[in-house]
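# Coordinate analysis (summary)
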Amino acid sequence: MRQAGRYMSEYRELRQKHSLLEICRTPDLATTVTLQPVRRIEVDAAILFSDLLLPLEHMGIPFDFVAGEGPAIEKPLRTEADLAAVRRFEPREALGHVLDTIRQVQRELAGRVPLIGFAGAPFTLASYAIEGGHSNNFAHTKALMYGHPAAWHAFCDLLADLIGDYLVAQIEAGVNAVQVFDSWVGALNAPDYREFILPHTRRIFERLEPLGVPTIHFGVGTGSILGEIREAGGDVIGADWRTPLDEAWTRIGFDRAIQGNLDPTLLLAPLDRILTATDEVLERAGGRPGHIFNLGHGILPMTPVEHVQAVAQYVHQQTHI
Ligand code: CP3
């Protein structure tokens with residue numbers, strides 16, 4: 001999950017001097033930020049500091065982050081011809097700085113906790129490229145998907161190839177697990193997921209399987225498609241807070257691990273309420289092996305850092321880790 005960020009004063013301090021993209025592209029800075037939550041929160045794993053959108057630029061889709069608005073793609077893809085014009089790239093060259101960050105983080109961690117690498121999944125990456133930024137209904141994305149299925153499938157095929165290349169390169173550089181973020185795929189119902197996304201995402205997981213590194217498949221608002229997400233792949237399936245953890249795990253199947261699922265906005269509540277909700281998540285996990293306690297989505301910038309520390313400490317205490 002996104003565990004580094006603006007809720008931490010040490011991150012805000014660095015952001016006064018450097019843009020988000022500068023931090024992502026500078027291994028020294030990205031390493032520093034990757035390690036911030038490991039030191040401050042004592043989380044059990046580090047997640048590479050980078051951003052899901054970095055590959056877009058090298059596909060000929062330039063973007064920037066606009067303060068207060070999030071990502072902004074310069075020229076969103078809106079036609080079949082736009083989709084067909086997207087370029088391939090070699091991640092070892094174009095995103096070599098990410099691989100350098102991985103090597104540097106691993107030297108500094110020296111085995112203290114594992115490092116998780118990541119990339120965006122086809123639907124989520126396609127939705128940024130097509131919508132141009134944040135969207136509530138993914139109207140442009142779905143219009144292209146339904147209207148030009150052949151172009152959509154060719155585009156997702158290319159995305160799956162590139163994401164696969166990028167994750168393989170991250171694994172070769174030394175990450176201990178990879179997370180595939182399909183943050184916005186909950187916008188699809190089960191038949192559409194099956195038709196337009198499942199084959200592409202499955203190809204990414206099939207490619208990673210022989211490498212023997214654990215994989216996490218994450219989405220938000222996916223309660224009704226957890227079975228399909230499981231079918232697409234992932235040793236661990238992410239679940240958000242809308243579905244109680246035990247129900248989500250039943251839908252996923254207990255032969256897979258689960259990650260989740262505290263509501264990140266609960267971290268804004270008084271501490272006793274936060275710990276009660278944490279207890280509920282742990283109770284629903286029932287002490288079964290294969291539960292990664294996590295938030296159901298990213299930490300909000302206004303979150304008090306002490307609340308995040310308290311939850312991590314409490315989960316460690318309750319689960320004797
Ligand atoms: O915890 C970490 O160290 C992980 C770093 C990380 C970032 N982005 C840095 C970042 C990770 C894992 C991501 C993934 C990412 N990026 C996702 C998938 C995860 C999810 O939240 O669903 C998505 C959808 C993106 C795209 C993205 N990047 C958005 C929508 C935004 C704006 C969000 C906001 O709150 O403004 C970003 C910016 C971004 N990427 C920030 C961070 C820490 C915000 C902080 C900043 O502007 O400095």
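What you are looking at is a predicted structure, and each value in this text was computed from that prediction instead of being measured. (Residues numbered from 1 in each chain as written. Predicted model: local features only at pLDDT ≥ 70, side-chain atom pairs only at ≥ 80, totals over all residues. Heavy atoms only, no water.)

## As for the pairing of strand β4 (residues 115–120)
One face of the sheet, then the other: side chains in a regular strand alternate in exactly this way. Heads up, the condition is: Three labels apply to residues, based on accessible area from a 1.4 Å probe with only protein chains included: buried if under 20% of the type maximum, exposed if over 50%, partly exposed otherwise in between. Strands are runs of DSSP state E lasting at least two residues, helices are runs of H or I lasting at least four, and both sets are numbered from the N terminus onward. Any two strands between which DSSP finds at least two bridges are classified as paired.
Among the 6 residues of β4, 6 are classified as buried, and the element is accordingly described as predominantly covered. Residues Leu115, Gly117 and Ala119 line one face of β4 and the alternating positions Ile116, Phe118 and Gly120 line the opposite face, and both faces are buried. As judged from the 2 bridges shared by strand β1 (residues 46–47) and β4, these two strands associate in the parallel manner. When the bridges of β4 are listed, Ile47 appears paired with Ile116. Where β4 and strand β5 (residues 177–182) come together, 5 bridges link them in parallel fashion. Following the sheet pairing, Gly120 is matched in β5 by Phe181.

## Brief notes about the layout of surface pockets
Threshold: In the cavity and pocket records, a cavity denotes points on a 1 Å grid over the protein atoms alone where a 1.4 Å probe fits but cannot get out, a pocket denotes an open set with protein on both sides within 12 Å along at least 5 of 7 lines, and lining residues are residues with an atom within 4 Å of a point. Grid points are joined across faces, edges and corners, and a volume is the space filled by probe spheres set on the points. The nonpolar class holds Ala, Val, Leu, Ile, Met, Phe, Trp, Tyr, Cys and Pro. Asp, Glu, Lys and Arg form the charged class, and all remaining residues, Gly among them, are polar.
Of the voids in this model, the largest pocket is the one considered here, and its volume is about 1300 Å³. If you go around the largest pocket, you meet 44 residues; those closest to its centre are Arg2, Arg6, Leu20, Asp51 and Phe65. Of all elements in the fold, only α1 (9–17), α2 (20–25), β2 (63–66), β3 (70–73) and α8 (122–131) reach the threshold of two or more residues within the lining of the largest pocket. For the lining of the largest pocket, the class distribution of residues is 25 nonpolar, 12 polar and 7 charged.

## Things to note about the nonpolar core
The criterion, for reference: For the purposes of this section, nonpolar cores are sets of buried Ala, Val, Leu, Ile, Met, Phe, Trp, Tyr and Cys residues that join through side-chain atoms within 4.5 Å. For this analysis, residues touch if any pair of their heavy atoms sits within 4.5 Å.
In terms of nonpolar packing, the biggest core is built from 116 residues, with Leu56, Trp152, Phe155 and Tyr193 touching the most fellow members. Take this core: its biggest share by element is 15 residues, from helix α10 (residues 149–173). With sequence-adjacent residues up to four places away left out, Leu56 is seen in contact with Ile61, Phe63, Ile73, Leu125, Tyr128 and Ala129.

## Points about unusual backbone geometry
In this structure, the amide linkage connecting Gly260 to the following residue, Asn261, adopts the cis form with an omega of -5°. Topologically, Asn261 is positioned in strand β8 (residues 257–262). The phi torsion at Glu42 lies on the positive side, around 60°, for a residue other than glycine. Relative to the elements of secondary structure, Glu42 occurs in the loop between α3 (27–40) and β1. Even without being glycine, Ala110 reaches a positive phi, approximately 45°.

Nothing here speaks to function; it is all geometry.
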